[in-house]
Amino acid sequence: MRKITMAASLAVMMTVMAARANAEEFIVGAQLPLTGTLARVGAGMQEGVMVAADVFNKGNGKHKIKIVTIDDESAPAKAVAAVEKLASEGAIAITGGYGSNNISPASDAANKLALPYITSGGVDDNLVNSGRKNFFRINNTAGYEKAVLGTLADMGAKSVSIIFSTKEATSDLANSVQKALAAKGVKATAHSFDPAITDFKPIVNKIRLQDKSEVILMVGYENDYVGILRAARVLKPPVKALIGVWSLATPKMAAEFPDLMPNVYGTALLPFPATFDTADGKAFAAAYKALYKKEPDYLGQFGYVQSMLLFEAIARAADKGTVKKGGVAEELRKTDRETLIGRVQFGANGDNLNFVHRMAQHQGKNIVIVWPASNATGKMVYPGKPW
Amino acid sequence: MTDLILQALYSGLLQGGSYALIALGLALVFGTMRVINLAHGELVLLAAYIAYTVESGLGLNPAWAIPIAVIVVSLTSAGVYGIVSRIRKDREINSLILTFGIGVIMTNLILLIWKADVRSTSSSWLQEAFVVGPLYSMRGEAVFFIVSLLLMAGLWWWLSRSWYGRALRAVSSNREAAKLMGIPPARTELVSFIVAGMLAGFAGVALYSYGVIQPAYGGALTVKAFIITVLAGVGSIPGVLLGAVLLGVAEALTVTLASSALQELAGMMLFLLVLFVMPNGLMGASRRRG
């Protein structure tokens, strides 16, 4: 009996030691713009990355993830340098990146170093069509376009004025939407603007006096939206709705610009106040609030999803002993998982096959999901404008 | 079409006033010391963030931030002078590098203190429409356009009538000769930096009152101010107003008659055209006479 007890104890000890020997800490690089023009979105994504590491490390039990972050200062050359430095510090994969012009060279550098690179910060389709083998992204222009077109179709809009920044991602989306609307017989007039401009009154005045459209679609960033909405508030064009895309239907915008946001639409995955009904969502929200003492936003959500998918792929590859043999990218390719942003599966080019965004509207102090009907948390107020 | 063009001219005029207010401080320092303060945009931005703090923290209209912004920014500007004045060789070139570095440090300090979020006034009063016949603007724009004109008139008066103003012009004209006339060049230059800081204080509060601010915005403000300063003709205060208004109107007309994507290009074309035809800038000749 004594021998059996000793043998059992030895077996348990060996099992524990073997498990410890297999449990590894993996370094994942986060290349993010924490300063420069993209600092805000970079900081938002980093919050999601850190929350994912926190949730993964608490819940996985076996493998641990250590995040090493390098600020790429919103500059392509610095983004490349960041990836190379992260690789030299032992990173086995990269999560992050914001802005297609930064992600493109950075992911090229990662590709040369055979590091998987996953992002939600670049919607330029060249990113997935240029033959990068280890590149993955969870969102794309097509998903934004579906949300915008779906909402406009529900509104029954016959004419749309599109105001868009000449940056690559915004131009791509605006041109794509304009073509799709024209194909449906909707009159779509486009007004491009240089990202440096601050006075949008001359553009809005053209919409007021010439276009006389039913809807204004804004494809830009937060500072552009504020400028356009301000100009619209002054000139009061005869529109029925104002729609934007990213960074607009957010609690932050509602809190910072309460007078400009009422009835404005924007893409959003979550209503506000945020509600999570899945275990994954609840874990994300709890960890986010614990770490950052605020409500989670879409940037954090995207950063969380992309990072969690990567960490899970690392864990699976580690279990198979293939981390250093291209196993992480292999596991990412096999991903088929329901996430906070919907089902994620990567196609041969690394793009998420299933991405469809949702459209929300600022209603009072809340943000209500109004499209698609299957995810709606309320009805759209239409016609509805901020003034 | 007439309505469109009239509105473009009006918007351009107001935008020009805003540009002029931003450029005044840079033009003053450039005119007197031949130093291009590449941290000037960050000084304007600092004032804008002070206005944001006063509004969000104390719930006051941003205009109440003017005294604090003017004091803080002029002291910061004096600090910049303190560093620049230590340059012993090739001041024109070395000051460029030095002030660029100061600008980078200031941008990052602003980022650390106020974070990267987009900020703008929430004052309804400043944002409401100010309508003159068929012309529309924000009330804040109209108010600060008038402030801009008053400040320019005050600066012009100060430079032409006060002892320190004339001393500044003397140092600008010939530093050594001014010294022989009993004018202390270092103190005079410090005064020009302090006055430039005060003007940047006003400009920042104005910018926050009708525009949008972000920590990385300082560089763009400096570039715009520099273009106007060169366009104006070195040291010319009326030239700053003329250059700024021309730039604002050219940009607004480009948006109205062509595309807003071409607005920055139109501004640069105007800049190159003026310099090609008038190498000393719009008011360069009058400066030489002065």
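Residues numbered from 1 in each chain as written. Chains lettered and ligands numbered in written order. Predicted model: local features only at pLDDT ≥ 70, side-chain atom pairs only at ≥ 80, totals over all residues. Heavy atoms only, no water.

Participant: It is not clear to me how the overall build of chain A should be interpreted in this structure. Could you clarify?
Facilitator: When helices and strands are counted, chain A shows 12 helices and 14 strands. Against the compact-globule benchmark of 21 Å for 387 residues, chain A has a radius of gyration of 23 Å, which places it among compact chains. If one aligns the C-alpha atoms of chain A with their principal axes, the spans along those axes are about 95 × 40 × 35 Å. Every one of the 387 residues in chain A was classed for burial, and the buried ones make up 57%. (Helix = DSSP H or I, 4+ residues; strand = E, 2+ residues; numbered from the N terminus. Rg over C-alpha atoms; globule rule 2.2 N^0.38 Å. Buried < 20%, exposed > 50% of the residue type's maximum accessible area, 1.4 Å probe, protein only.)

Participant: What's the story with the packing of helix H1 (residues 2-33) of chain B against helix H11 (residues 237-257) of chain B in this structure? I'm lost.
Facilitator: Angle between the axes and distance between the axes: these two values describe a pair of packed helices. All names here are of chain B. Here H1 crosses H11 at 140 degrees, and the two axes come no closer than 6 Å. The angle between the axes of H1 and H11 places the two elements in the oblique class. As for how H1 packs across H11, the hand of that crossing is right-handed. Looking at the contact of H1 with H11 residue by residue, the classes come out as 20 nonpolar, 5 polar and 1 charged. (Axes fitted to C-alpha atoms, helices over the stretch in contact; angles between N-to-C directions. Parallel < 35°, antiparallel > 145°, perpendicular 65-115°, else oblique. Left-handed = near helix turned anticlockwise from the far one by under 90°. Nonpolar A, V, L, I, M, F, W, Y, C, P; charged D, E, K, R; others polar.)

Participant: Teacher, can you tell me more about the pairing of strand E1 (residues 25-32) of chain A here?
Facilitator: A regular strand places its side chains on the two faces of the sheet in alternate fashion. Residue and element names in this part refer to chain A. Summarising burial for E1: 6 of the 8 residues are buried, a large majority. Here E1 runs beside strand E2 (residues 64-71); their pairing, made up of 8 bridges, is parallel. The residue bridging Gly29 from the neighbouring strand is Val68, located in E2. In this region the chain leaves E1, passes through helix H2 (residues 39-60) and returns to the parallel neighbour E2; the handedness of that crossover is right-handed. Bridge count for E1 against strand E3 (residues 93-96) is 4 bridges, and the pairing is parallel. Note on E3: the bridge partner recorded for Gly29 is Ile94. (Pairing = 2+ DSSP bridges. Right-handed = clockwise from strand over helix to strand, strands pointing away.)

Participant: Looking at this model, I keep getting lost on the environment of A:Met218. Mind explaining?
Facilitator: All names here are of chain A. Tracing the sequence through the fold places Met218 in strand E8 (residues 215-219). For Met218, a relative accessible area of 0% translates into the label buried. Through-space distance from the C-alpha of Met218 to that of Leu248 is 9.8 Å; in sequence the pair is 30 residues apart. Not counting residues up to four positions away in its chain, the partners in contact with Met218 are Ile163, Tyr225, Ile228, Leu229, Leu242, Ile243, Gly244, Val245, Leu248 and Val264. (Contact = heavy atoms within 4.5 Å.)

Participant: Is there a simple way to explain the sheet that holds strand E5 (residues 135-137) of chain A in this structure?
Facilitator: The pairing of strands in a sheet happens through backbone hydrogen bonds and is either parallel or antiparallel. Residue and element names in this part refer to chain A. Spatial strand order, E2-E1-E3-E4-E5: 5 strands in an open sheet with parallel pairing. Pairing within the sheet leaves two strands with one partner each, and these edge strands are E2 and E5. Across the sheet, the axes of successive neighbouring strands diverge by a mean angle of 25 degrees, strand direction being ignored. Where E3 and strand E4 (residues 117-119) come together, 2 bridges link them in parallel fashion. From the neighbouring strand, Thr95 faces E4, where its bridge partner is Ile118. Set on the sheet, H2 makes contact with E1, E2, E3 and E4; between it and E2 the angle comes to about 165 degrees.

Participant: Quick question: what am I supposed to make of the interface of chain B and chain A here?
Facilitator: Where interface size is given, it is often the accessible area lost as the parts come together that is meant. With 39 residues of chain B at the contact, the number on the chain A side is 35 residues. Linking chain B with chain A are 5 salt bridges, by the criterion used here. Across the pair A:Arg40 and B:Asp117 runs a salt bridge whose closest N-O atoms are separated by 3.5 Å. Where the side of chain B that touches chain A is concerned, the elements lending two or more residues are H1, helix H4 (91-114), helix H5 (124-127), strand E2 (135-138), H11 and helix H12 (263-277) of chain B. With 5 residues, H1(B) is the single largest residue contributor to the side of chain B that touches chain A. Taken together, the residues of the side of chain B that touches chain A break down into 17 nonpolar, 16 polar and 6 charged. (Salt bridge = Lys/Arg side-chain N within 4 Å of Asp/Glu carboxyl O.)

Participant: Would you mind going over the pattern of salt bridges with me for this structure?
Facilitator: Here the idea is simple: oppositely charged side chains can pair when their charged atoms come close. Under the criterion given, the structure shown has 30 salt bridges over all chains. The partner of A:Arg233 in a salt bridge is A:Asp259, with the nearest N and O atoms 3.2 Å apart. Placement of A:Arg233 in helix H8 (residues 222-235) and of A:Asp259 in the loop between helix H9 (251-256) and strand E10 (265-267) is noted, with a sequence separation of 26 residues between them. Here A:Arg233 and A:Asp259 have matching classes, each one buried. Here B:Glu251 and B:Lys224 are joined by a salt bridge, their closest N and O atoms 3.0 Å apart. Of the two residues, B:Glu251 is situated in helix H11 and B:Lys224 in helix H10 (residues 218-232); the sequence distance between them amounts to 27 residues. A relative accessible area of 16% means that B:Lys224 is categorised as buried. A single salt-bridge network, built from bridges that share partners, covers A:Arg40, A:Glu222, A:Lys252, A:Glu256, B:Asp117 and B:Arg119.

Participant: Whenever I open this one, the packing of H10(B) against H11(B) confuses me. Can you help?
Facilitator: All names here are of chain B. The contact between H10 and H11 brings their axes to 8 Å, and the two run at 120 degrees. As the angle between them shows, H10 and H11 are arranged oblique. At the point where H10 passes H11, the crossing takes the right-handed sense. Across from Lys224, Ile228, Leu231 and Ala232 in H10, the residues of H11 making contact are Gly239, Val240, Gly243, Ala244, Leu247 and Glu251.

Participant: Looking at this structure, how should I read the pairing of strand E13 (residues 359-363) of chain A?
Facilitator: Residues and elements named next belong to chain A. Burial within E13 is extensive, with 4 of its 5 residues counted as buried. By the bridge criterion, 3 bridges tie E10 to E13 in an arrangement that is antiparallel. Looking at the pairing, Gly266 lines up with Ala360 of E13. Pairing of E13 with strand E14 (residues 366-371) involves 5 bridges; the strand directions are antiparallel. Within the sheet, the bridge partner assigned to Met359 lies in E14 and is Trp371. Between E13 and E14, which pair antiparallel and follow one another directly, the connecting turn spans 2 residues, one of which, Gly364, has a positive phi of 60 degrees.

Participant: Can you walk me through the confidence of the model for chain B in this structure?
Facilitator: Caution is warranted with low-pLDDT regions, since their predicted coordinates should not be read in detail. Residue and element names in this part refer to chain B. For chain B, the average pLDDT comes to 89, and 98% of its residues sit at 70 or higher. For the stretch residues 286-290, pLDDT sits under 50, and the model shows 4 contacts to residues farther than four places along the chain or on other chains. Interface scoring of the predicted complex returns ipTM 0.85; its pTM is 0.83. (pLDDT = per-residue confidence, 0-100.)

Participant: Mind showing me how you'd approach the environment of B:Asn280 here?
Facilitator: Structurally, the position occupied by B:Asn280 is in the loop between H12 and helix H13 (284-289). The sequence separation of B:Asn280 and B:Ser160 amounts to 120 residues, and the corresponding C-alpha distance is 21 Å.

Participant: Would you mind showing me how to read the environment of B:Asn174 here?
Facilitator: On the secondary structure map, B:Asn174 appears in the loop between helix H7 (163-173) and helix H8 (175-180). In this structure the C-alpha to C-alpha distance between B:Asn174 and B:Ser160, which are 14 residues apart in sequence, comes to 17 Å.

Participant: Please explain the packing of aromatic side chains as it appears in this structure.
Facilitator: The geometry of an aromatic ring pair is captured by the separation of the ring centres together with the interplanar angle, meaning the angle of the planes. For the structure on display, the rule yields 19 aromatic pairs over all chains. Three or more aromatic residues joined by ring pairs make a cluster, and in this case those are A:Tyr144, A:Tyr221, A:Trp246, A:Tyr298, A:Phe302 and A:Phe355. (Phe/Tyr/Trp six-rings, centres within 6.5 Å; stacked < 30°, edge-to-face > 60°.)

Participant: Help me out: how do you make sense of helix H7 (residues 201-211) of chain A in this one?
Facilitator: Every α-helix carries 3.6 residues per turn, so stepping three or four residues along brings you back to the same face. All names here are of chain A. Of all 11 residues in H7, 9 are buried; the element is thus mostly enclosed. Residues Lys201, Pro202, Ile203, Val204, Asn205, Lys206, Ile207, Arg208 and Asp211 constitute the buried set of H7. Just past H7, the residue Lys212 takes up positive phi, approximately 50 degrees.

Participant: Explain helix H3 (residues 66-84) of chain B here, please?
Facilitator: Residues and elements named next belong to chain B. For H3, with 19 residues, the first-to-last C-alpha span of 26 Å sits near the 27 Å given by 1.5 Å per residue. Taken residue by residue, H3 has Ile66, Ala69, Val70, Val73, Ser74, Ser77, Ala78, Val80, Tyr81 and Val84 as its buried positions. On an axial view of H3, the arc spanned by its buried residues comes to 160 degrees, and they lie on one face. Counted as exposed and oriented over 90 degrees from the buried face of H3: Ile71 and Leu75. Buried residues belonging to H3 abut H1, helix H2 (40-58), H4, helix H6 (139-161) and helix H9 (185-210). (Expected span 1.5 Å × (residues − 1). Arc of directions from axis to C-beta.)

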